[in-house]
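The chain contents come next:
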Amino acid sequence: MTQTVPPAVTVRVRRATADDARAIAAVHVHAWRWAYRGLLPSSLLARMSDAPREATWRETIVADGARRASVWVAELSGRMLGFVATGAPQQPGYAEDTAEVYAIYQLQEAAKTGVARRMLARALDDLRARGFRCAILWVLETNGRARDFYERKGWCIDGGARTDAVGRFVLHEVRYHLDLASGASTNAPRA
Ligand SMILES: CC(C)(COP(=O)(O)OP(=O)(O)OC[C@H]1O[C@@H](n2cnc3c(N)ncnc32)[C@H](O)[C@@H]1OP(=O)(O)O)[C@@H](O)C(=O)NCCC(=O)NCCS
């Protein structure tokens, strides 16, 4: 895509509806393909398709509230540029007031325009309003672009690590933490 994105101020960030599931899935797959090139096997990226993700995102959005999950989208003139999803931690063992950023993805053309920063700020304000006091997220250890982004926003690596599998490929992920009250990170999640 060659179209450029104007300054983030013209971009609208709003809560997702079930009708956004298809566009969210398309951004998700597109973002994996540009951002994970060289990090994940190209055969795996080529095999990804929007349809199963569309169903999963629709379920997540519809279940919003019951699972305390929230999905936010950024759009420009009705076209989706990116999304962020947050909610209660997917794994057990965290304090009640700890939330998780499940995913933040944007189109390649929207990178470095401030769109992700605005989406994340909106999602974190929502978590604060819902009473969460800290947040965690998991990121591929090799995803330097995203890790730089989080670190610029005050997130700190906290020593948590896990492995996940996509097909036969093993993913190594590290955990980051943010104190939502101060906007700064402490060294340990409230587990
Ligand atoms: C990770 C990701 C969301 C980070 O996005 P990003 O492009 O670094 O973040 P932004 O869109 O907010 O751009 C920020 C930069 O845009 C620039 N910028 C340009 N115009 C701007 C504006 N009007 N307002 C704010 N920043 C602007 C600034 O240099 C800013 O850098 P700073 O935050 O250091 O000040 C993005 O790279 C992505 O979607 N990657 C693929 C998916 C992925 O890896 N997700 C993480 C999975 S864990």
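Student: Which parts of the structure should I look at to understand the pairing of strand β2 (residues 70-76)?
Tutor: The side chains of a regular strand alternate between the sheet's two faces. Within β2, seven of the seven residues are buried, leaving the element largely enclosed by the surrounding structure. The two faces of β2 match: S70, W72, A74 and L76 on one face and V71, V73 and E75 on the other face are all buried. Bridge count for strand β1 (residues 12-15) against β2 is four bridges, and the pairing is antiparallel. Paired with R14 across the bridge in β2 is V73. Across seven bridges, the pairing between β2 and strand β3 (residues 79-87) is antiparallel. Bridging from a neighbouring strand, V73 pairs with F83 of β3. Counting the residues in the hairpin turn of β2 and β3 gives two residues, including S77, whose phi is positive at 50°.

Student: Help me understand the site of the ligand, please; the structure alone is not making it clear to me.
Tutor: Neighbouring residues of the ligand: 24 residues in total, closest I104, K112, R117, R152 and K153. Within the backbone of T113, an N or O atom sits 3.4 Å from a nitrogen atom of the ligand. Within the side chain of R117, one N or O atom sits 2.7 Å away from an oxygen atom of the ligand. If the ligand stood free it would expose 970 Å²; the protein chains cover 79% of that surface. Sorting the residues of the shell around the ligand by element identifies α1 (21-35), β4 (98-106), α4 (115-129), β5 (134-140) and α5 (144-152) as the ones contributing at least two each. Tallying contributions element by element places α5 first for the shell around the ligand, with five residues. When its residues are assigned to classes, the shell around the ligand shows 15 nonpolar, four polar and five charged.

Student: I'm lost on the packing of aromatic side chains in this one. Help?
Tutor: The relation between two aromatic rings is expressed through the spacing of the ring centres and the mutual angle of the planes. Across all of its chains, the model carries seven aromatic pairs by this definition. Grouped by ring-pair contacts, the aromatic residues W32, Y36, W57, F83 and Y105 constitute a single cluster.

Student: Please clarify how unusual backbone geometry should be interpreted in this entry.
Tutor: The phi torsion of most residues other than glycine is negative, and most of the peptide bonds are trans. Of note in the backbone geometry, S77 takes a positive phi value of approximately 50° without being a glycine. Residue position: S77 is located in the loop between β2 and β3. Overall, the relative accessible area of 78% leaves S77 in the exposed class.

Student: Looking at this structure, how should I read the pattern of salt bridges?
Tutor: Pairs may arise between side chains of opposite charge once their charged atoms sit close together. Within this structure, the stated rule accounts for 12 salt bridges. A salt bridge links R128 to D125, with the shortest nitrogen-to-oxygen separation between them at 2.9 Å. With R128 and D125 both in helix α4 and three residues apart, this pair spans about one turn of that helix. On the basis of relative accessibility, which here comes to 34%, the residue R128 falls in the partly exposed class. Under the relative-accessibility criterion, D125 is labelled partly exposed at 43%. Salt bridges linked by common partners bring R12, R14, D20 and E75 together as one network.

Student: Just checking my understanding: could you explain the packing of α1 against helix α3 (residues 50-62) for this structure?
Tutor: A packed helix pair is summarised by two numbers, namely the angle formed by the two axes and the spacing between the axes. Two elements in contact, α1 and α3, have axes separated by 8 Å at closest approach and are oriented at 125°. Judged by the inter-axis angle, α1 sits oblique to α3. Judged by the sense of rotation from one axis to the other, the crossing of α1 with α3 is right-handed. Here A21, R22, I24, A25, A26, H28 and V29 of α1 lie close against α3, whose contacting residues are D50, R53, E54, W57, R58 and I61.

Student: Would you explain the confidence of the model for the protein chain in this entry?
Tutor: Low-pLDDT portions of the prediction should not be read for the details of their coordinates. Confidence in the prediction of the protein chain, expressed as mean pLDDT, is 90, and 88% of residues score 70 or more. Here residues 186-191 is modelled with pLDDT under 50, and outside its nearest four sequence neighbours on either side it reaches 21 contacts, counting other chains as well.

Student: I'm lost on the environment of D50 in this one. Help?
Tutor: Residue position: D50 is located in helix α3. Taking relative accessible area as the criterion, D50 reaches 31% and is therefore assigned partly exposed. For the pair D50 and V29, spaced 21 residues apart in the sequence, the C-alpha separation amounts to 6.4 Å. Sequence-distant contacts of D50, defined by excluding residues within four places in its chain, comprise A25, A26 and V29.

Conventions and cut-offs
- Residues numbered from 1 in each chain as written.
- Predicted model: local features only at pLDDT ≥ 70, side-chain atom pairs only at ≥ 80, totals over all residues.
- Heavy atoms only, no water.
- Buried < 20%, exposed > 50% of the residue type's maximum accessible area, 1.4 Å probe, protein only.
- Helix = DSSP H or I, 4+ residues; strand = E, 2+ residues; numbered from the N terminus.
- Pairing = 2+ DSSP bridges.
- Near = heavy atom within 4 Å.
- Polar contact = N/O pair within 3.5 Å; in protein donor to acceptor, adjacent residues only side chain to side chain.
- Areas by Shrake-Rupley, 256 points an atom, 1.4 Å probe, with all protein chains shown as cover.
- Nonpolar A, V, L, I, M, F, W, Y, C, P; charged D, E, K, R; others polar.
- Phe/Tyr/Trp six-rings, centres within 6.5 Å; stacked < 30°, edge-to-face > 60°.
- Salt bridge = Lys/Arg side-chain N within 4 Å of Asp/Glu carboxyl O.
- Axes fitted to C-alpha atoms, helices over the stretch in contact; angles between N-to-C directions.
- Parallel < 35°, antiparallel > 145°, perpendicular 65-115°, else oblique.
- Left-handed = near helix turned anticlockwise from the far one by under 90°.
- Contact = heavy atoms within 4.5 Å.
- pLDDT = per-residue confidence, 0-100.

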